[in-house]
Amino acid sequence: MKVGIVVFPGINRERDAAAAFRTIAGTEPVMIWHRETELPAGLDLIFVPGGFSYGDYLRPGAMAAHSPIMREIKKAADEGRHVAGVCNGFQIICEAGLLPGALMRNASLKFVCRDVLLAVETSNSPFTRAYNAGDVLQVPVAHHDGNYFADEKTLDILEGEDRIAFRYCDPEGYAEEGWNPNGAQRNIAGILSENRRVLGMMPHPENAVDPLLGSSDGAGLFKSLASLVS
Amino acid sequence: MKARIHVTLKPGVLDPQGKAIQNALGGMGFEGVDEVRQGKYIEVDLTETDRAKAEAAVKTMCEKLLANTVVENYTIELV
């Protein structure tokens, strides 16, 4: 599997993501600067990492979504290549129209930086196939704007098409409101595109890949991707 | 020509910041504040002198960048 990690000014999790791909998926990613106008040839997965691209000016992800490289990433996604956006990366790919909905200010208005529990909602995706539906993962979040919003019709479509990848949940795996760190609709933490090849999620699986980090539950995502070929 | 753009959350979209402002106003003793919605105000100075062209350009700016039309509405005023 060949992975490219997109680097925008203000991004800060790109090296964590690279380390996770290196240690878990056994592949050394290439870094792609946002002003590049072409993607490296032969990428199977484009990873848009977390951080604070452009200082979250205007709206988180709004500026990055119009970077030159994003045009190429949209094109690559249309051609069926795999794209994953985590945290700010999720905000960026939503702003760019790769996924439906928007990430709004946390309902608590507070920046939330702690471990949360996630229920794996589907193993039917290249990103989650190493998990079983119903698995409960402990993974950190670190965001101010992770409150997923989409209109009711879109939410129904996401549910109907089994496109919700992860939900915030209680220790038994139930999506209880009290375990939702940001007010996201229907406790949604991560979603898939219609062709299931684009994933956006707020929590940071790349920061839960080693017991030293408090949890290695995020490793399954990188294991799922290890044998990926676009 | 100057464009004055207001970007506001669509009705029905939760606005926790507006809610916090409303609570603060209540705490300060201001009565009768039914609801507060927070938005953004953006000014864009344009070299375009043709009103119709300017309006069309600013509308495209709003659709593409200044507003996220999934959750926000916008209004444009040219002065």
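Predicted, not measured: the structure shown is a model, and the values here were computed from it. (Residues numbered from 1 in each chain as written. Chains lettered and ligands numbered in written order. Predicted model: local features only at pLDDT ≥ 70, side-chain atom pairs only at ≥ 80, totals over all residues. Heavy atoms only, no water.)

A few words on the layout of surface pockets. Of the voids in this model, the largest pocket is the one considered here, and its volume is about 530 Å³. In terms of lining, the largest pocket is formed by 26 residues, of which the most central are Arg 59 and Asp 145 of chain A together with Gln 17, Lys 40 and Glu 72 of chain B. Of all the secondary-structure elements, those providing two or more residues to the lining of the largest pocket are α3 (88-95) and β5 (102-104) of chain A together with β1 (2-9) and α1 (16-27) of chain B. Along the lines of polarity and charge, the residues of the lining of the largest pocket split into eleven nonpolar, seven polar and eight charged. Its volume calculated, the second largest pocket comes out at about 270 Å³. Forming the walls of the second largest pocket are 13 residues, and the residues nearest its centre are His 66 and Glu 95 of chain A together with Glu 63, Lys 64 and Leu 65 of chain B. Put simply, the parts of the chain that give the lining of the second largest pocket at least two residues each are α3 of chain A together with α2 (51-66) of chain B. Per-element accounting of the lining of the second largest pocket gives the leading share, three residues, to α2 of chain B. (1 Å grid on protein atoms, 1.4 Å probe; cavity = no way out; pocket = protein on both sides within 12 Å on 5 of 7 lines; lining within 4 Å. Points joined across faces, edges and corners; volume = space filled by probe spheres on them. Helix = DSSP H or I, 4+ residues; strand = E, 2+ residues; numbered from the N terminus. Nonpolar A, V, L, I, M, F, W, Y, C, P; charged D, E, K, R; others polar.)

This brings us to the side chain of Arg 163 of chain A. Residue and element names in this part refer to chain A. When you line up the elements, Arg 163 lands in the loop between α4 (152-160) and β9 (164-168). A polar contact is formed between the side chain of Arg 163 and the side chain of Glu 161, at a distance of 2.8 Å. Sequence-distant contacts of Arg 163, defined by excluding residues within four places in its chain, comprise Pro 100, Ile 157, Leu 158, Gly 190, Ile 191, Leu 192, Ser 193, Glu 194 and Arg 196. (Polar contact = N/O pair within 3.5 Å; in protein donor to acceptor, adjacent residues only side chain to side chain. Contact = heavy atoms within 4.5 Å.)

All names here are of chain A. Read from one edge of the open sheet, nine strands run β2-β1-β3-β4-β11-β10-β9-β6-β7, paired in mixed fashion. With one partner strand each, in any of the chains shown, β2 (30-33) and β7 (136-143) form the two edges of the open sheet. Sheet twist, expressed as the average angle between the axes of neighbouring strands with direction ignored, equals 25 degrees. Strands β1 (3-7), β2 and β3 (45-48) of the sheet are contacted by helix α1 (residues 14-25), whose axis makes an angle of about 170 degrees with β1. (Pairing = 2+ DSSP bridges. Axes fitted to C-alpha atoms, helices over the stretch in contact; angles between N-to-C directions.)

Next up on the list: the nonpolar core. Judged by nonpolar contacts, the single largest core of 69 residues is most densely connected at Tyr 148 and Phe 166 of chain A. Once residues within four sequence positions are removed from consideration, Tyr 148 of chain A is found in contact with Phe 90, Pro 100, Gly 101, Ala 102, Leu 103, Leu 155, Leu 158, Ala 184, Gln 185, Ile 188 and Ile 191 of chain A. Counting residues in each nonpolar core, the second largest holds 13 residues, with Ala 3, Ile 5, Val 7 and Ala 54 of chain B among its members. (Core = buried A, V, L, I, M, F, W, Y, C linked by side-chain atoms within 4.5 Å. Buried < 20%, exposed > 50% of the residue type's maximum accessible area, 1.4 Å probe, protein only.)

Right, let's talk about the pairing of β7 of chain A for a bit. Residue and element names in this part refer to chain A. Of all eight residues making up β7, six are buried, and the element is well covered by its neighbours. Bridge count for strand β6 (residues 112-120) against β7 is eight bridges, and the pairing is antiparallel. Its bridge partner lying in β7, Val 116 is registered against Val 139.

This next bit is on α1 of chain B. Residue and element names in this part refer to chain B. For α1, with twelve residues, the first-to-last C-alpha span of 16 Å sits near the 16 Å given by 1.5 Å per residue. Within the sequence span of α1, burial applies to Pro 16, Gly 18 and Gln 22. Seen along its axis, α1 keeps its buried residues to an arc of 155 degrees; they face one direction. After α1 finishes, the residue Gly 29 shows a positive phi value of roughly 100 degrees. (Expected span 1.5 Å × (residues − 1). Arc of directions from axis to C-beta.)

Looking now at the packing of aromatic side chains. Residues and elements named next belong to chain A. Applying the stated criterion across every chain, the model contains four aromatic pairs over all chains. Considering the side-chain rings of Phe 21 and Phe 222, the 4.9 Å spacing of their centres and the 85 degrees angle between planes classify their relative orientation as edge-to-face. Placement of Phe 21 in helix α1 and of Phe 222 in helix α5 (residues 219-225) is noted, with a sequence separation of 201 residues between them. Under the relative-accessibility criterion, Phe 222 is labelled buried at 0%. Through successive ring pairs, a cluster of aromatic residues spans Phe 21, Phe 47 and Phe 222. (Phe/Tyr/Trp six-rings, centres within 6.5 Å; stacked < 30°, edge-to-face > 60°.)

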